[in-house]
Amino acid sequence: MKPAHDDNMKNDSQKSTALYTDFDLDDPELPKKIRKAAFSSGGYPHDKKLDSDTYDDELEALQIELVKAQAHARETGARVVMLFEGRDAAGKGGTIKRFVENMNPRSARVVALPKPTEKELGQWYFQRYANHLPTSGEFVLFDRSWYNRAVVERVMGFCTEAESESFLREVPRFEDMLVEAGILFIKYWLNIGREMQLVRFHERRHDPLKIWKLSPVDRKSLGMWDEYTEARDRMIEMSHSDHAPWTIIRANDKRRARINAIRHMLMLFDYEGKDRNAIGAIDEEIVGSGPGFLHRGSE
């Protein structure tokens, strides 16, 4: 006999799903229940945002270190690839911006590819991404990457499940080649709670400077949280490895997420003049590795 609490949990889940499915993004009034729950959603461990003065001071110190790291890469020919993945509105673009805003754009490139052309659809899946890999002395930051096939394309039906599973079998070999070629290869998954995503979607919808960020895919994804969760979990389980681990950053607070992503990257990269005091310590409550850390807290 099924325990009564299982039925209660199922009913609560159904009510919750109904709330999000029926949520009217066009309504200028955001439900108080969603806004109140947003910051702590997904089991986020902090009670409030990092204050702006601390954030500004720490970000400046870290960006000075990034400039040093870039100069060292140009001198030594080092190559760096960073992938930024996460749900829509997780803060990928803002985090990338803080990485590159004071770096020399001649050797620090952001790659955010549009949907594939007809020609690209006929190519080896990794081919159009491989074309953007760094040359000697370059940093390349992918705002979404080949992992589109594992989550967005899979959930939205832009590829078949068989194509997605084939990708998951192939991707460790592809990434192993990058690491063996001497590339510093880092994968970030920015993780946010469900209510936080709704708040950010709502802000985009009603801010004339951000409305361009709200795509038809974003709107469709409002009622597909569980499908995205399932695809994400499968992706990280299949593609997390010693040579190409997933670093999870809990990103309900954009300021902490940005600071800690930069810290993490700088700790992995050896460069001349590295100031470990300026880099500081990673917040281990919001930064961790692989599936085990991903499932801390509730979603």
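Residues numbered from 1 in each chain as written. Predicted model: local features only at pLDDT ≥ 70, side-chain atom pairs only at ≥ 80, totals over all residues. Heavy atoms only, no water.

What follows covers the environment of aspartate 26. Residue position: aspartate 26 is located in the loop between helix 1 (4-22) and helix 2 (32-38). What makes aspartate 26 partly exposed here is its relative accessible area of 37%. Taking the C-alpha atoms as reference, aspartate 26 lies 7.9 Å from histidine 206; in sequence the two are 180 residues apart. Setting aside residues no more than four positions away along its own chain, aspartate 26 makes contact with Arg205, His206 and Arg219. A polar contact is formed between the side chain of aspartate 26 and the side chain of arginine 205, at a distance of 2.7 Å. A polar side-chain atom of aspartate 26 sits 3.1 Å from a polar atom in the side chain of arginine 219. (Helix = DSSP H or I, 4+ residues; strand = E, 2+ residues; numbered from the N terminus. Buried < 20%, exposed > 50% of the residue type's maximum accessible area, 1.4 Å probe, protein only. Contact = heavy atoms within 4.5 Å. Polar contact = N/O pair within 3.5 Å; in protein donor to acceptor, adjacent residues only side chain to side chain.)

Strand order in the open sheet formed by six strands is 2-3-1-4-5-6, and the pairing between neighbours is mixed. Every interior strand has two partners, whereas the edge strands, strand 2 (108-111) and strand 6 (287-289), have only one. Pairwise comparison of adjacent strand axes, ignoring direction, gives a mean angle of 20 degrees for this sheet. Bridge analysis of strand 1 (residues 80-86) against strand 4 (residues 184-191) gives seven bridges, and the strand direction is parallel. The residue of strand 4 that forms the bridge with valine 81 is phenylalanine 185. Here helix 11 (residues 225-239) sits on the sheet in contact with strand 4 and strand 5 (246-250), set at roughly 155 degrees to strand 4. (Pairing = 2+ DSSP bridges. Axes fitted to C-alpha atoms, helices over the stretch in contact; angles between N-to-C directions.)

Take the packing of helix 8 (residues 161-180) against helix 11 next. In contact at an axis separation of 9 Å, helix 8 and helix 11 are set at 35 degrees when each is read in the N-to-C sense. Considering the relative orientation of helix 8 and helix 11, their crossing is right-handed. Along its contact with helix 8, which presents Glu165, Leu168, Val171, Pro172 and Glu175, the element helix 11 presents Arg234, Met235, Met238 and Ser239. When the residues that make up the contact of helix 8 with helix 11 are grouped by side-chain class, the tally is five nonpolar, one polar and three charged. (Left-handed = near helix turned anticlockwise from the far one by under 90°. Nonpolar A, V, L, I, M, F, W, Y, C, P; charged D, E, K, R; others polar.)

So, on to the pattern of salt bridges. Charged atoms that come close allow side chains of opposite charge to pair. Tallied over the entire structure, the rule returns 17 salt bridges. With a shortest N-O distance of 3.0 Å, glutamate 175 and lysine 187 are connected by a salt bridge. Pair noted here: glutamate 175 is in helix 8 and lysine 187 is in strand 4, with a separation of twelve residues, a long-range link. Take lysine 187: its relative accessible area is 0%, and that puts it in the buried class. Here arginine 204 ties to aspartate 218 by a salt bridge, and the two come within 3.9 Å at their closest N and O atoms. (Salt bridge = Lys/Arg side-chain N within 4 Å of Asp/Glu carboxyl O.)

What UniProt calls "domain: Polyphosphate kinase-2-related" (unreviewed entry) maps, in this numbering, to residues 50-275. Annotated as residues 50-275, this span is 51% helix and 13% strand, and its ends, taken at the C-alpha atoms, are 22 Å apart. (UniProt positions renumbered as here; feature names shortened; annotations may be inferred.)

With that settled, consider the pairing of strand 4. A regular strand carries its side chains on alternate faces of the sheet. Of all eight residues that make up strand 4, seven are buried, and the element is covered over most of its length. As judged from the five bridges shared by strand 4 and strand 5, these two strands associate in the parallel manner. Directly across from asparagine 191, in strand 5, lies its bridge partner arginine 250.

Now for the packing of helix 3 (residues 52-76) against helix 12 (residues 254-268). Viewed as axis vectors pointing N to C, helix 3 and helix 12 meet at an angle of 25 degrees, and their least axial separation amounts to 10 Å. What the angle tells us is that helix 3 and helix 12 run roughly parallel. Classified by chirality, the crossing of helix 12 by helix 3 is left-handed. Here Ser52, Tyr55, Glu58, Leu59, Leu62, Glu65, Leu66 and Ala69 of helix 3 come into contact with helix 12, specifically with Arg255, Arg258, Ile259, Ile262, Arg263, Met265 and Leu266. Of the residues contributing to the contact of helix 3 with helix 12, the split by class is nine nonpolar, one polar and five charged. (Parallel < 35°, antiparallel > 145°, perpendicular 65-115°, else oblique.)

When you line up the elements, glutamate 65 lands in helix 3. A relative accessible area of 2% places glutamate 65 in the buried class. With sequence-adjacent residues up to four places away left out, glutamate 65 is seen in contact with Leu266, Tyr271, Gly273, Lys274, Asp275, Ala278 and Ile279.

Now for a positive patch on the surface. Together, Lys49, Lys97, Lys210, Lys213 and Lys254 give the surface a local cluster of positive charge. You can call lysine 97 partly exposed: its relative accessible area is 47%. (Patch = residues over 30% accessible without salt bridge, like charges linked within 9 Å, V, L, I, M, F, W, Y side chains within 5 Å. Areas by Shrake-Rupley, 256 points an atom, 1.4 Å probe, with all protein chains shown as cover. Lys, Arg positive; Asp, Glu negative; His and termini not counted. Charge placed at Lys NZ, Arg CZ, Asp CG, Glu CD.)

On to the nonpolar core, then. Membership of the largest hydrophobic core comes to 51 residues, with the highest contact counts inside it found for Met82, Phe99, Phe139, Met265 and Leu266. Looking at this core, the elements with two or more residues in it are helix 2, helix 3, strand 1, helix 4 (92-100), strand 3 (139-143), strand 4, helix 9 (194-206) and helix 12. Apart from residues no more than four positions distant in its own chain, phenylalanine 139 is found in contact with Ala69, Gln70, Ala73, Val80, Met82, Met103, Ser107, Ala108, Arg109, Met265 and Phe269. By size, the runner-up hydrophobic cluster in this structure holds 33 residues, among which are Val111, Phe142, Tyr147 and Tyr228. (Core = buried A, V, L, I, M, F, W, Y, C linked by side-chain atoms within 4.5 Å.)

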